[in-house]
Structures are given as structure tokens and as C-alpha cells.
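# Breakdown of the fold
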Amino acid sequence: MTITATSLPRPDGAPLPPIGFIGGGNMASAILGGLIRQGVPAAAFEVVEPFAEARERLAHDFGIAAQPQGSAALARCEVLVWAVKPQTFAEAAQPVRAHAGSALHLSVAAGIPSDSIARWLASERIVRAMPNTPALVGQGMTGLFARPDVDAADRALVGQLLAPTGELLWVDAESALDAVTAMSGSGPAYVFYFIEAMTEAGVEMGLTPDQAQRLAIGTFTGASALAHSATEPPSVLRERVTSKGGTTYAAITSLEGADVKTQFKTAIRAAQKRAAELGEEFGRG
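This section reports on the structure supplied with the text.

How each quantity is defined
- Think of each chain on its own: its residues are numbered from 1, step by step along the sequence as written.
- Local features in a predicted model are, by the rule used here, given only for residues with pLDDT of at least 70; side-chain atom pairs are given and counted only at 80 or more, and totals for whole chains, interfaces and linings are based on all residues.
- The basis for every side-chain value is the complete set of heavy atoms in the structure, and neither hydrogens nor water enter the calculation.
- Secondary structure elements are taken from DSSP: a helix is a run of H or I of four residues or more, a strand is a run of E of two residues or more, and numbering for both begins at the N terminus.
- Burial status follows relative accessibility: with a 1.4 Å probe on protein chains alone, a residue under 20% of its type maximum counts as buried, one over 50% as exposed, and anything between as partly exposed.
- Residues adjacent in sequence count toward polar contacts only when both atoms are side-chain atoms; beyond that, a polar contact is any pair of N or O atoms within 3.5 Å, and within protein one must be able to donate a hydrogen and the other to accept it.
- Contact between two residues is taken to exist if any of their heavy atoms lie within 4.5 Å; hydrogens are not considered.
- When DSSP finds two or more bridges between two strands, those strands count as paired.
- Between the N-to-C directions of two axes lies an angle of 0 to 180 degrees, each axis being a line fitted to C-alpha atoms and, for a helix, fitted only over the stretch in contact.
- The sense of a crossing depends on the near helix, which, turned anticlockwise from the far helix by less than a right angle, makes the crossing left-handed and, turned clockwise, makes it right-handed.
- Gly is put with the polar residues, along with every residue not named as nonpolar or charged; the nonpolar set is Ala, Val, Leu, Ile, Met, Phe, Trp, Tyr, Cys and Pro, and the charged set is Asp, Glu, Lys and Arg.
- A residue counts toward a patch only above 30% relative accessible area and without a salt bridge, and it is joined to like-charged neighbours within 9 Å or, for Val, Leu, Ile, Met, Phe, Trp and Tyr, to nonpolar neighbours within 5 Å.
- For the accessible areas, the method is Shrake-Rupley and the probe is 1.4 Å, while residue cover comes only from the protein chains on display.
- We define a salt bridge as a side-chain nitrogen of Lys or Arg found within 4 Å of a carboxyl oxygen belonging to Asp or Glu.

## Quick look at the environment of V191
Note that V191 resides in helix 7 (residues 187–204). Along the backbone, V191 and L255 are 64 residues apart, and their C-alpha atoms lie at a distance of 16 Å.

Structure, rendered in C-alpha cells:
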């Protein structure tokens, strides 16, 4: 079945070209699901997914008939989204390269430098994206970097594709994506870690597990919403609920006594360092 660009409406009414996905896991599903909910038909997509279970899930959830390997069907796609594991990118690129043509390539593979992607795909039209798991519920934070051959129209198209996943942030230097990875890419795990700790503390203080978890999650949700809408920095918002001699003051004093902020920043730096190492390790293929 041949589908023309004019038959695929974007959310803003402009035409959306056929799109290919190499990898059909969680992040690909977040993008696919968002676009399909906005009216883009399943037939607009070509998906390559080697695992049968994942192909069955795509068929069940979105009505997409994914293929186990790349084929000439990808030639119609003007955009290819690379949603593969970093260690498999080079191998996955080999059978796709012949069918990629002049496609715009959007990589959501963590750590793989665009120089390596350009070499593997013989293309300079590459955008790297670092999304995070809240993209699955449309509340993600994605950092983006574009190589020089990516023009304004390409950037706009990437924005359309990723809009259903949440907020987008373009960076000028590719090295900044390691910091994005350490902060927002790995960041949800930090939040879950603190929710876990708050929940355990609540149970130890006599609350039921359900009560403690609801309080922990609700507090993070509300505080994040307040920080997002406020004009003051988080430090000022914190000070407003930290009356000297009060309960919050006791908690913050305990945290500062344990040097938690320094330890937390050290942990984020460790994630940044590992992101750079992964790029060097998997980008050699």
C-alpha cells in the first residue's frame, strides 16, 4: 500500500510523511501511540522489531504489522526513528542503510554519538534525542541535538513527532546530551528512589503502604507543578516552607548534616560520566 505525504495529517493539519521505526519498544510505542491518538493512521508507519512478543504488542495496541527485519518497505519513509539499544545500533543499521535514501534520522538510542550514526548510515541529516520514561504518559522531557545538515523544516518535523511525549529542549552542543542523560534521562529513577524512601518512612511512622505511597507521589506531583508554574527559583519555594525551628527545618537540617545535596550532585555526575563512556564504547562499531 502506497501512502502519500498529503494523506497523513499532522496535528496542525500539515502533511506528515511516512515514518519508519527501527525498534518497537517502550519509547517507540510512546511516540507511535501519541501520533495515532492524534489521528495519524497505523498504515503511515513502517516498524522493524526483531522480537515476536513486541511485534504482537504493536499489533494489539496500535494495529501495526511490524516486520522482523529491515526491507525495501522502508524506502517510502522520509523519517527513520532509531529506537534500538545502544549496543545493537551498528548491527541494526547494516540492513537498513540501503533503504534509508535521503531520510531524516532521529536517534533515541542513549549515548551513541552522531558521528558514529553518520558513518553507519552514510547520512548527515541526524538528530539525537534523549527522552525519558514519563514520555509514556505524555509528560516526558526530551533533550535534542541536530547536526548542521538538519534544517529548520527538519527540526519542526522532529518537534511534531515528539510533541505527544511531552516537553522538548534543543541544545547547541552534542556533549550537552550527556548532561541531559544524567539529569532527565536517568532522572525519573531518582524521583522514584525518593518516593520509595518517603513511602518506607511513612510506613515506619504508622501509615499504611497505600497511604504512604499516595502521600509521597502526591507531594512530588504537586511540588513539581508548583515549581513549573512559579516565577521564583526552587530555593525560594523551599525557604517558604522552612520556618526556623519547625518540622521542615528539622528535616532540611538533617539532610544538610548528611551532605545529601553534595552526594546527590556526585551521583548525577557519575551518570554523566557513564553516558560519555557508553558513547565511546558503543560508538566504535
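## What about the side chain of R128?
In this fold, R128 is placed in strand 5 (residues 126–130). For R128, a relative accessible area of 7% corresponds to the buried category. Within the local environment of R128, its side chain forms a polar contact with the side chain of E174, the two groups lying 2.9 Å apart. Excluding residues that lie within four positions of it along the chain, R128 makes contacts with S107, G111, I112, P113, S114, I117, G143, L144, F145, E174 and L177.

## Some remarks on the sheet that holds strand 7 (residues 166–170)
Read across the sheet, seven strands follow the order 2-1-3-4-5-6-7 without closing on themselves; strand pairing throughout is mixed. The strands lining the two open edges of the sheet, one partner per strand, are strand 2 (45–48) and strand 7. Geometrically, the sheet is characterised by an average inter-axis angle of 20° between neighbouring strands, direction not taken into account. Relative to strand 5, strand 4 (residues 104–107) runs parallel, the two being bridged by three bridges. If you follow L106 over to strand 5, its bridge partner there is V127.

## Some details on the packing of helix 3 (residues 89–100) against helix 4 (residues 114–121)
Contact geometry of helix 3 with helix 4 gives a least axis separation of 9 Å together with a crossing angle of 35°. Like other packed secondary-structure pairs, helix 3 and helix 4 cross with a definite hand, here right-handed. Counted together, F89, A90, A93 and R97 of helix 3 and I117, R119, W120 and L121 of helix 4 form the full contact between these two elements. Its residues assigned to classes, the contact of helix 3 with helix 4 comprises six nonpolar, no polar and two charged.

## Notes on unusual backbone geometry
A positive phi angle, near 55°, is found at A122, a position not held by glycine. You will see that D259, though not glycine, has its phi angle at about 55°, which is positive. Mapped onto the fold, D259 is located in the loop between helix 10 (247–257) and helix 11 (260–282). A relative accessible area of 37% means that D259 is categorised as partly exposed.

## Thoughts on a nonpolar patch on the surface
Taken together, Y193, F194 and F264 make up a surface patch of nonpolar side chains, about 300 Å² in accessible area. Assignment of secondary structure puts F194 in helix 7.

## Topic: the pattern of salt bridges
Scanning the entire structure with this criterion turns up nine salt bridges. Measuring nitrogen to oxygen at the nearest pair gives 3.7 Å for the salt bridge that ties R274 to E281. For R274, a relative accessible area of 39% translates into the label partly exposed. A residue is classified by how much of its surface remains accessible, and E281, at 36% relative accessible area, is partly exposed. It is possible to trace a salt-bridge network through shared partners that takes in K273, R274, E277 and E281.

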